[in-house]
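# Observations on chain architecture
Spelled out from the first residue to the last, the chains are:
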Amino acid sequence: MTAIQATAPAASPTPGPAAPVRDGARKRWWLRHTTPYLLSLAGGAWLVILFIIPLVSGLVVSLETGNPDDGYTFTWNWGVYGSLFVNSDVSYLTFFLRSLGYGVSATLLTIVIGYPMAYFIAFRVSARWKNTLLLLVLISFLVSFVIRTDMWAFLLSDQGPVLTALRWAHLASKDFHILGTPGAVIGGIVYNDLAFMVLPIYAVLERLDARLLEAASDLYANRPQVFLRTVLPLSRSGIFAGVLLVFIDAVGDPVNASLLGGTHTYVIGQAIQDAYLTNQQYNVAAALSTVLMVVLGIILFAYARIAGTENIEDLV
Amino acid sequence: MRDEAWLRGLTEARVSRRTVLRGVGAGAGLLTLSAILSACGIRGSIAAQSQEKVDWTKYWASHKKTGQLDFANWPLYIDEDHGKSPSLELFTKETGIQVDYQPVIQNNAPFYATVSPELRAHEATGYDIVVMTNGWELTEMINNGFVAELDHSRLPNFAKYAAASVKSPNYDPGNKHSLVWQTGLTGIAYDSRQITRPITSFDDLLDPAFKGHVGMMNDNTELGSAGLLALGIDPATSTPADWKKAAGWLRKQSPNVSGYYDQSYIDKLQNGDTWITQAWSGDVFQAIAGGHKHLKFVTPKEGQMIWHDNMMIPRQAEHPVDALEWMNFYYTPKVAAMVEDWVNYVCPVPAAKAYIKNQLDDPDVANSPLIFPDSSIDTASHNFYVYKNYDEYQLWNDTFNPIIES
């Protein structure tokens, strides 16, 4: 006991005037080391609540077994993933491949259509028209996309104005129809998602340093070469952002297929919706969503590695 | 020295205790994880039902009239006049009960899937009356105790005016839980401008001349029943082996079909996209009355389906007495006639016929065999199969869903 008492004063903090200084230093040290974490708290909470928890709970539900009568209990049922794709009554594999096919076609089409639009607005239009044109790109968002898609179903129906006019001009045969075909579904997706491709590409092109283009011309590049070897590579990040927005949306979308599709355009988005909202097969719906997410993740990761994303932060 | 040894002993003990605690903690963590995972399960309907038994006499004695009624129904399923319903207004005037009428039910399965988590948790759905077709969902709601048993002493009009065909149906003996709102027939409708030959049979749906212009329903109960009827099998007494055969017929028909539709099938028929389609009688009557004179509804020679949409009171309804009062109010010739003259399905109150003819002066509706059917229609009509348990329902789904989802 005496020994402890003897050393005690030495262990106590330095008394007197030195104390506030050390206190302040400690506070500064503490702030410097915790501020980044405190600042990321909001973003972290956002990620955890709206991303990680739904993700994990989706995975958990997919591993449950049961039915709406007996309830669903957690049983580590990894077998559900196999059973959905091997010898399944409903051929989910077909729906997956079909959705990916529609998604890829729609994404390529939005690039082919959207890039020239963005290029035109960024380079060929005087500054005072730019805002108007961008507003025109966005204006259709003022109406719900379900209603707009349903309007397309009306316009393109067999007795609708488009086909009636085409038949009147003898440009379409009596059996020709648009609704119910994969083309109608892909067209609907392209129409709905075009702005998501135009805007990121525009944002990149708008910020391109004009001196680089002049330099390319000075080095004897003709106009196609300037575009292909300077503009296009520099706008890669815009295309990448557009692909992220369009492709993910297109692959999972059930609306275009159900409003514009027919008997053989059933996609994975519809399958998930029906499993959850009609058949109450929660585990099947969760498993399909998980697979969809993983597949999309792998595809986009591979694309990011190949196409490069080093300047995607330019867009933020 | 002794003190230091004591100290060291204390410290060492603490360290080892901490290790033990850490080990226990990790084990407990794993246990908690698996406990959490198994607690994540989704409760089933049967578990919810077995929780308690309700004394219905006490239930009705303990609830009082509140002056409010929340009514969930299908779209276009009540009389309408400039956005208001005269029959509901009359009800409010006579009883003082305000009605919040919500046409939110687009189809049985999706609506049931939406409210079933609340029903299972014994929470209020926000509706005092829901209208469901006799099918798996309705049977589920009755079997699992999700709907109240009706107090028939407060439903004298039902006993007095209801048609024999809606009393004590096979899916709800004694009308213990449900009263019919409307009855409908599922047959075939076609466009007589495009199809000039007479349509008499389900086999006409196979005609290659109609390829790409045949509509079918995406409700698998309706679709499967059509396949069964086409093969001459009565759906109500069919077996899983019959279902397989019916699926075969539907698969054979599939190349002809332009789509498996929900309620939108009638738009497709009206605008000429489909020429011949599986159809509900009331929709076709409304379409004809709305100016589409070229549409025809036929009962195939193999037979047609008859179904009932039923009013039921969810057990946790907040205003069950008011709901009961509406049910009784509806089963009078006058109110049933007001609704029927607009809705045009099959009326559950035969006495409404005279009221429509004389007071409402609408002989088209009063004399229509689709609305006030004679007995010959009854004999051509078949009931849906009543599923005995979930496995049967699942088997039906597995048999017929691959046709729609293709």
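Everything that follows concerns the structure shown earlier in this document.
Below: a short report on this structure. (Residues numbered from 1 in each chain as written. Chains lettered and ligands numbered in written order. Predicted model: local features only at pLDDT ≥ 70, side-chain atom pairs only at ≥ 80, totals over all residues.)

### Quick notes on the sheet that holds strand 1 (residues 42–43) of chain B
Pairing in this open sheet of three strands is antiparallel, and the strands run 1(A)-2(A)-1(B) from one edge to the other. The open sheet is flanked by strand 1 (64–67) of chain A together with strand 1 of chain B, the only strands paired with a single partner. In this structure, strand 1 of chain A lies alongside strand 2 (residues 71–74) of chain A, joined through four bridges in antiparallel fashion. Opposite Gly66(A), over in strand 2 of chain A, you have Tyr72(A) as the bridge partner. (Pairing = 2+ DSSP bridges. Helix = DSSP H or I, 4+ residues; strand = E, 2+ residues; numbered from the N terminus.)

### Quick word on the nonpolar core
A general trend in soluble globular proteins is that nonpolar side chains are found buried together. Ile129(B), Val131(B), Leu223(B) and Ala336(B) are the most contacted members of the largest nonpolar core, which totals 107 residues. Taken domain by domain, this core gets at least three of its residues from each of domain 1 (54–183 + 307–367) and domain 2 (184–306 + 386–404) of chain B. Every residue in contact with Ile129(B), bar those within four places of it in the chain, is listed here: Phe71(B), Ala72(B), Met311(B), Ile313(B), Ala323(B) and Trp326(B). The next biggest cluster of nonpolar side chains, apart from the first, holds 58 residues, and it includes Tyr72(A), Ala153(A), Leu179(A) and Leu292(A). (Core = buried A, V, L, I, M, F, W, Y, C linked by C-beta atoms within 7 Å. Buried ≥ 20, exposed ≤ 12 C-beta atoms within 10 Å, placed from the backbone. Domains from an automatic or database assignment. Contact = placed C-beta atoms within 7 Å.)

### Some details on the interface of chain A and chain B
Facing the 30 residues of chain A at the interface are 32 residues of chain B. Those elements that place two or more of their residues in the side of chain A that touches chain B are strand 1, strand 2 and helix 13 (268–277) of chain A. With four residues, strand 2 of chain A is the single largest residue contributor to the side of chain A that touches chain B. When its residues are assigned to classes, the side of chain A that touches chain B shows ten nonpolar, 14 polar and six charged. As judged from the two bridges shared by strand 2 of chain A and strand 1 of chain B, these two strands associate in the antiparallel manner. Bridging across to strand 1 of chain B, Tyr72(A) finds its partner in Ile42(B). (Nonpolar A, V, L, I, M, F, W, Y, C, P; charged D, E, K, R; others polar.)

### As for the packing of helix 13 of chain A against helix 14 (residues 282–307) of chain A
Residue and element names in this part refer to chain A. Between helix 13 and helix 14, the shortest axis-to-axis distance is 7 Å and the interhelical angle comes to 155°. Here helix 13 lies roughly antiparallel to helix 14, going by the angle between them. Seen along the crossing, helix 13 lies across helix 14 with a hand that is left-handed. Residues Ile268, Ala271, Ile272, Ala275 and Tyr276 of helix 13 form the contact with helix 14, whose own contacting residues are Tyr282, Val284, Ala285, Leu288, Ser289 and Leu292. (Axes fitted to C-alpha atoms, helices over the stretch in contact; angles between N-to-C directions. Parallel < 35°, antiparallel > 145°, perpendicular 65-115°, else oblique. Left-handed = near helix turned anticlockwise from the far one by under 90°.)

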